[in-house]
Amino acid sequence: MRIDIISVLPELLESPLNHSIMKRAKDKGLLEIHIHHLRQWAVNEYGQVDDYQYGGGAGMVMMPEPLANAIEALSKDVGYDEIIYMTPDGEDFSQGMANQFSMKERLLIICGHYKGIDQRIRDHFVTREVSIGNYVLSGGELAAAVVVDAIGRLLPGVLNNETSALFDSFQDNLLAPPVYTRPADFRGWKVPDILLSGDLKKIEEWRYEQAVQRTTERKPDLLKD
Ligand code: 6GU
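Residues numbered from 1 in each chain as written. Predicted model: local features only at pLDDT ≥ 70, side-chain atom pairs only at ≥ 80, totals over all residues.

- Looking up the protein chain in an unreviewed UniProt entry gives the name tRNA (guanine-N(1)-)-methyltransferase, with the organism given as Paraflavitalea soli.
- Its UniProt record gives the protein chain a comment under Catalytic activity (unreviewed entry), which states: "guanosine(37) in tRNA + S-adenosyl-L-methionine = N(1)-methylguanosine(37) in tRNA + S-adenosyl-L-homocysteine + H(+)".
- Word for word, the UniProt comment on the protein chain under Subunit (unreviewed entry) is "Homodimer." (UniProt positions renumbered as here; feature names shortened; annotations may be inferred.)

1. Concerning the site of the ligand
Next up, step 1: By nearness alone, 14 residues border the ligand, and Met86, Pro88, Ser131, Leu137 and Ala143 come closest of all.
Next up, step 2: Contributing elements (two or more residues each) for the shell around the ligand: strand E5 (82–92) and strand E7 (128–131).
Next up, step 3: Ranked by residues supplied to the shell around the ligand, first place goes to E5 with three residues. (Near = placed C-beta within 6 Å. Helix = DSSP H or I, 4+ residues; strand = E, 2+ residues; numbered from the N terminus.)

2. Focus: the confidence of the model for the protein chain
Next up, step 1: Summary statistics for the protein chain give a mean pLDDT of 95 and a share of 98% for residues scoring 70 or more.
Next up, step 2: For this predicted complex, the interface confidence reaches an ipTM of 0.97, while the overall pTM sits at 0.94. (pLDDT = per-residue confidence, 0-100.)

3. Some words on the domain arrangement of the protein chain
Next up, step 1: For the protein chain, the assigned domains are domain 1 (2–152) and domain 2 (169–224).
Next up, step 2: Distance between the C-alpha centres of domain 1 and domain 2: 37 Å. (Domains from an automatic or database assignment.)

4. Looking at the UniProt feature "binding site: S-adenosyl-L-methionine" (unreviewed entry) in the protein chain
Next up, step 1: On the UniProt side, "binding site: S-adenosyl-L-methionine" (unreviewed entry) is annotated at positions that read Gly112, Ile132, Gly133, Asn134, Tyr135, Val136 and Leu137 here.
Next up, step 2: Its location among the elements puts Asn134 in the loop between E7 and helix H6 (141–152).
Next up, step 3: Take Asn134: there are 7 C-beta atoms within 10 Å of it, and that puts it in the exposed class.
Next up, step 4: Here Leu137 shows up in the loop between E7 and H6. (Buried ≥ 20, exposed ≤ 12 C-beta atoms within 10 Å, placed from the backbone.)

5. Observations regarding the nonpolar core
Next up, step 1: In terms of nonpolar packing, the biggest core is built from 45 residues, with Ile84, Met86, Ile109, Ile110 and Ala144 touching the most fellow members.
Next up, step 2: Residue assignment for this core shows that the elements contributing at least two residues are strand E1 (2–7), helix H2 (20–27), helix H3 (64–77), E5, helix H4 (95–102), strand E6 (106–111) and H6.
Next up, step 3: Sort the elements by how many residues they give to this core and H6 lands first, with seven residues.
Next up, step 4: Residue contacts for Ile109: discarding those within four places in its chain leaves Ile3, Ile5, Ile84, Met86 and Ala144. (Core = buried A, V, L, I, M, F, W, Y, C linked by C-beta atoms within 7 Å. Contact = placed C-beta atoms within 7 Å.)

See the structure below:
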């Protein structure tokens, strides 16, 4: 899979996408990430990519021309299944959306800044608008890193058996059950006996019950569908 990201602050994306499982995905050749600085498509020698908004009001808006030029130049080379705009007024990101995106070959992600991007780019180029929650970040980069991480770890071959995504929270709309490691008694706080019993069937049942209980208590919305 190939993901291209357009940003005015590429530094914000680099570290999160170059460690741990994302690094492994890249090293294995399963995920290619290309980060593009929007300034290379700026309209003048000052590197301008934003301007005042029509109608007045505080805050700058990202100009349509650099973005259109960037999208068109990259699309000519690659061709995208989805052009995603990261924005707090987008559709809420979910495990289901991560699953869907992970089945695409090529994604282009646009990170907004300031008051956002000119509406015409959203109308004429963007195919999906995605938010990671109901709060405002100073730019789309951290949100894009979240989305790319959630997608990257789902690509076949990225995770091994031990880290398999099949048992993650949210797969099957259930949160993950509690987990324990050694020692079995830590400061008198004991690991549930069942996990030490060796009875795999009982353990599986217990984990399922715990997952349902956690989901009921913490995220009952997940159980509705
Ligand atoms: Cl995608 N962008 C920004 N700037 N803020 C957000 C967001 C995205 N999702 C939640 N808050």
